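# Observations on the model geometry
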Amino acid sequence: MWQQQAFYLILSGIITGSLSVSWDMAVSPVVFVPRGEDVVLPCSFTHPRQQHYSGMVTLKWLAREPNALPFLTCSVRNESMEGKRGCAESELKYSTYGDLRRGELSLLIRRVQLGDNGTFFCRVELDGLRQYFQRETQLYVTVQPQILNMSVVEPGSDGAPRRLQCEVEGQPLPNVTWLSASGTPMQDLEVKNQQSGPARLLSSVSYLQEVLSCRAKSRLGVAERRHPAAHSTTLIISVIVSGLIVLLLLLLLGTGCIAYRRNRARAAASPIYETVENDRVQDSDRPVGGSVELQLVYSTLNDASSSQHARVERPVYPQEEPVVLYSPVNMNSD
């Protein structure tokens, strides 16, 4: 009996030892990813009895510290090498990427941000083993250089000089260079640099209203901005041109108003028509077959001291030639 128990004990020790000694986990030491993109942190494992193991496989991912609480835990029974993938993917920020039953433990991170930068730990646990197996990988989030803001800092109460300030962002942190209007690096400026946040740098120089450019450069690229901005001059020119156009329109409108008033004044000076009693017209001027009670008289006026005459036009009737009569008109008022 004791020999049988010894045999099972030795066999158990061999199996346990083979699991603990022959384990293999593979991870990528460093993974680089641009900010805003998705990334996969590779992790895989193998062991001698993987093809015949039917117990539970538990995956845990940890961040920052090797003994921190896992932010992702996933378990699946390793009964078959085929079928559904273990721990289905989701639309969450963190999810598994692969099938645990195939030894695939990779982590998928969606829309990586600077806060995801750091160390991650891949851990796997099997039934019957008190210990776990764990490896670490470093996630490095990269950001191309960009200039977030340029502004002028006015002198304070402490009498500090006026300064031009440039805030840049980039990972790795870019180097800042100040350039003159011609694009030449300014070597004689007193430059003050200080980190203002994760992957952010604040650089400033003394400013006397001249044109300066701030350039941020790293191995990922270059960003540059000018102060005052070039579009400021364009804006001023646009405002001036717009003002001239408005002034021209007002001038044309005023000219049109003056012309309109003059035309109305001319139209108001209409001819003077007078009614002439019927007895002022000779009977020989009457139309045949009818009588005319009133005649329209058109008067041409010269001056009060000069002689006045009135031009009388008779109505034109069929088969009758028009006759023009001139009649004296007394323009002196009583």
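Now for a quick tour of the structure. (Residues numbered from 1 in each chain as written. Predicted model: local features only at pLDDT ≥ 70, side-chain atom pairs only at ≥ 80, totals over all residues. Heavy atoms only, no water.)

## Comments concerning the overall build of the protein
Summing up its helical and strand segments, the protein has two helices and 20 strands in all. Residue burial in the protein is summarised as follows: out of 334 residues, 31% are buried. If you sum the accessible surface of the protein, you get close to 22100 Å²; carbon and sulfur atoms cover 54% of it. (Helix = DSSP H or I, 4+ residues; strand = E, 2+ residues; numbered from the N terminus. Buried < 20%, exposed > 50% of the residue type's maximum accessible area, 1.4 Å probe, protein only. Areas by Shrake-Rupley, 256 points an atom, 1.4 Å probe, with all protein chains shown as cover.)

## Observations regarding the environment of Ser-204
Take Ser-204: it is sitting in strand β14 (residues 200-206). On a C-alpha basis, the gap between Ser-204 and Val-153 in space is 9.1 Å, while along the polypeptide they are 51 residues apart. Beyond its immediate sequence surroundings of up to four residues, Ser-204 is in contact with Arg-163, Leu-164, Gln-165, Trp-178, Glu-190, Val-191 and Lys-192. (Contact = heavy atoms within 4.5 Å.)

## Focus: the state of the cysteines
Inspection of every chain in the model, using the stated rule, returns two disulfides. A disulfide bridge connects Cys-43 with Cys-122, and the sulfur atoms are separated by 2.1 Å. The S-S bond linking Cys-43 to Cys-122 shows a torsion near -85°; that makes this disulfide left-handed. With Cys-43 in strand β4 (residues 43-46) and Cys-122 in strand β9 (residues 118-126), the pair connects residues that are 79 residues apart, well separated along the chain. Each member of the pair Cys-43 and Cys-122 is classed as buried. Between the sulfur of Cys-166 and that of Cys-214 lies a disulfide, 2.1 Å long from S to S. Between Cys-166 and Cys-214 the sulfur-sulfur dihedral comes to about -80°; the bridge is accordingly left-handed. Note that Cys-166 is positioned in strand β11 (residues 163-171) and Cys-214 in strand β15 (residues 212-218), a separation of 48 residues in sequence. (Disulfide = S-S within 2.5 Å.)

## Focus: the sheet that holds strand β8 (residues 106-109)
What links the strands of a sheet is backbone hydrogen bonding, and the strands pair in either a parallel or an antiparallel sense. If you trace the three strands from one edge of the open sheet to the other, you get β3-β8-β7, paired in antiparallel fashion. Pairing within the sheet leaves two strands with one partner each, and these edge strands are β3 (39-41) and β7 (94-97). Neighbour-to-neighbour, the strand axes of this sheet turn through a mean angle of 30°, independent of strand direction. As judged from the three bridges shared by β3 and β8, these two strands associate in the antiparallel manner. Each residue of the ladder has a partner; that of Val-40, found in β8, is Leu-108. (Pairing = 2+ DSSP bridges. Axes fitted to C-alpha atoms, helices over the stretch in contact; angles between N-to-C directions.)

## With respect to the sheet that holds β15
Strands sit in the order β12-β15-β16 across an open sheet of three strands; the sheet is antiparallel. If you trace the sheet from one side to the other, it starts and ends with β12 (175-179) and β16 (221-227), each paired once. Averaged over neighbouring strand pairs, the angle between their axes works out to 20° when direction is ignored.

## A short note on the side chain of Ser-95
One can find Ser-95 in strand β7. Among the polar contacts listed, one links the side chain of Ser-95 to the side chain of Arg-110, at a separation of 3.3 Å. (Polar contact = N/O pair within 3.5 Å; in protein donor to acceptor, adjacent residues only side chain to side chain.)

## Section: the pattern of salt bridges
In total, this model carries eight salt bridges according to the counting rule given. When the shortest N-O distance is used, the salt bridge between Arg-35 and Glu-169 registers 3.1 Å. Taken together, the residues Arg-35 in the loop between β2 (30-34) and β3 and Glu-169 in strand β11 connect sequence positions 134 residues apart. For Arg-35, a relative accessible area of 30% translates into the label partly exposed. (Salt bridge = Lys/Arg side-chain N within 4 Å of Asp/Glu carboxyl O.)

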